[in-house]
Amino acid sequence: MARDTLQSLRILQAKKLTLIGPPLSFGQYGIREIYFGSLSYYFGVLGLMLTNNSVFGPIYINIGLMIIALYFFYKLAHQYLKNETKALIVTLMYALSPLIVSYIRFYWNPNFVLTIAPIFWYLYLSCFNSKNPNMSFIKIFLCGLLGGLLINLHYFVAPVIFLAIFYLFIKLKDKKISFLYI
């Protein structure tokens, strides 16, 4: 957490952009190091800017994104459970689960996956239910953008995102707009 916060602070103070993010754990200290994307650093920079360089700034960004994600999680749960009360209970269980609370409390690049994934899955699954072709176009584009952000944050989501792309391509009637996802 301190490593990433310090790197975000260096980016903010030196005004030096970077495309290289934190090292992957299995590539660290080897002959060749492998790195994540730098998006999590920029989330940290935003948090530092909003809180006047407080070390809690990046955590506040993570918490803020989770609050937004909970809205989409609720909409997703309501879409499939067809019951407001059940959707609210499921959302509360998700929001208050020890694992989610634990990961939202600190700043680390995979933790942002938890905050962006509910938005991605809501948009992804609503692509199949959209009656308006223009809205479907926008949802597919946003879904592709969020999928790319998720892959930038952590490599373990890549197989799921690629399977989602494949499934979307198969299921969409208009194959031309599926390129937006990619």
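Parameters at a glance
- Here the residue numbers are simple positions, counted from 1 along each chain's written sequence.
- For a predicted model such as this one, the threshold for reporting local features is a pLDDT of at least 70, and the threshold for listing and counting side-chain atom pairs is 80 or more; totals across whole chains, interfaces and linings nevertheless cover every residue.
- Side-chain numbers here rest on the full set of heavy atoms in the structure, without hydrogens or water.
- We count a stretch as a helix when DSSP gives it H or I for four or more residues in a row; a strand needs E for two or more, and each element gets its number in order from the N terminus.
- Expected helix span is given by 1.5 Å per residue-to-residue step, counting one fewer step than there are residues.
- One fitted axis covers the seven residues ending at a residue, a second covers the seven starting there, and the bend at that residue is the angle between these axes.
- Each residue is assigned to one of three classes by its accessible area relative to the maximum for its type, calculated with a 1.4 Å probe on protein chains only: buried under 20%, partly exposed between the two thresholds, exposed over 50%.
- Helix axes use the C-alpha atoms of the stretch in contact, all axes being lines fitted to C-alpha atoms, and the angles between their N-to-C directions lie in the range 0 to 180 degrees.
- Angular relationships are summarised with four words: roughly parallel below 35 degrees, roughly antiparallel beyond 145, roughly perpendicular across 65 to 115, and oblique for the angles in between.
- Helix crossings are classified by the rotation of the near helix relative to the far one: an anticlockwise turn of less than a right angle makes the crossing left-handed, while a clockwise turn makes it right-handed.
- The classification used treats Ala, Val, Leu, Ile, Met, Phe, Trp, Tyr, Cys and Pro as nonpolar, Asp, Glu, Lys and Arg as charged, and all other residues, Gly among them, as polar.
- Stacked, edge-to-face and tilted labels apply to pairs of Phe, Tyr and Trp rings (six-membered ring for Trp) whose centres lie within 6.5 Å, assigned for plane angles under 30 degrees, over 60, and everything in between, in that order.
- We define a nonpolar core as any set of buried Ala, Val, Leu, Ile, Met, Phe, Trp, Tyr and Cys residues linked to one another through side-chain atoms lying within 4.5 Å.
- UniProt positions are given in the numbering used here, feature names are shortened, and annotations may be inferred rather than shown by experiment.
- Between two residues, a contact is recorded if the distance between any of their heavy atoms is within 4.5 Å.

Re helix α6 (residues 111–127)
In this model, α6 (17 residues) spans 25 Å end to end at C-alpha, consistent with the 24 Å of a helix rising 1.5 Å per residue. A117 marks where α6 bends most, by close to 35°; the proline P118 follows one to four residues later. Within α6, 14 of the 17 residues are buried, which leaves it mostly tucked inside the rest of the structure.

So, the packing of helix α3 (residues 57–81) against α6
One way to put it is that α3 packs onto α6 with a least axis distance of 8 Å and a crossing angle of 30°. Regarding the angle of α3 to α6, the classification is roughly parallel. Regarding α3 and α6, the two cross each other, and that crossing is left-handed. Here the residues of the contact of α3 with α6 sort into 17 nonpolar, five polar and one charged.

So, the packing of aromatic side chains
Within this structure, the stated rule accounts for eight aromatic pairs. Between F120 and W121, the aromatic rings sit 4.8 Å apart at their centres with planes inclined by 80°, giving edge-to-face as the arrangement. Put simply, the rings of Y71, F72 and Y122 touch in pairs and so form one group of aromatic residues.

Quick notes on the nonpolar core
Formed by 39 residues in total, the largest nonpolar core has its most connected members in F43, F112, F120, L150 and L153. For this core, the elements supplying multiple residues, two or more each, are α1 (2–14), α2 (39–50), α3, α5 (98–104), α6, α7 (133–153) and α8 (158–171).

A word on the UniProt feature "transmembrane region" (unreviewed entry) in the protein chain
Under the present numbering, the feature "transmembrane region" (unreviewed entry) in UniProt falls on residues 34–51, 57–74, 86–106, 112–128 and 140–170. Helix makes up 67% of residues 34–51 and strand 0%. Its end C-alpha atoms lie 31 Å apart. Here residues 112–128 is 94% helix and 0% strand, with 26 Å between the C-alpha atoms at its ends.

Overview of the environment of M49
Take M49: it is sitting in helix α2. Residue class for M49 comes out exposed when judged on its relative accessible area of 51%.

What to know about the environment of Y71
The residue Y71 is located in helix α3 in this model. For the pair Y71 and I119, spaced 48 residues apart in the sequence, the C-alpha separation amounts to 8.6 Å.

Here's the deal with unusual backbone geometry
Residues other than glycine seldom take positive phi values, yet N53 does so here, at roughly 65°. With respect to the element layout, N53 can be found in the loop between α2 and α3. Notably, K82 is not glycine yet its phi reads approximately 55°, a positive angle. With respect to the helices and strands, K82 occurs in the loop between α3 and α4 (84–96). The exposed category is assigned to K82, whose relative accessible area is 67%.

Concerning the side chain of Q79
Take Q79: it is sitting in helix α3. Residue Q79 is classed as buried on the basis of its relative accessible area of 16%. Excluding anything up to four places from it in sequence, Q79 contacts Y122, L125, S126 and N129.

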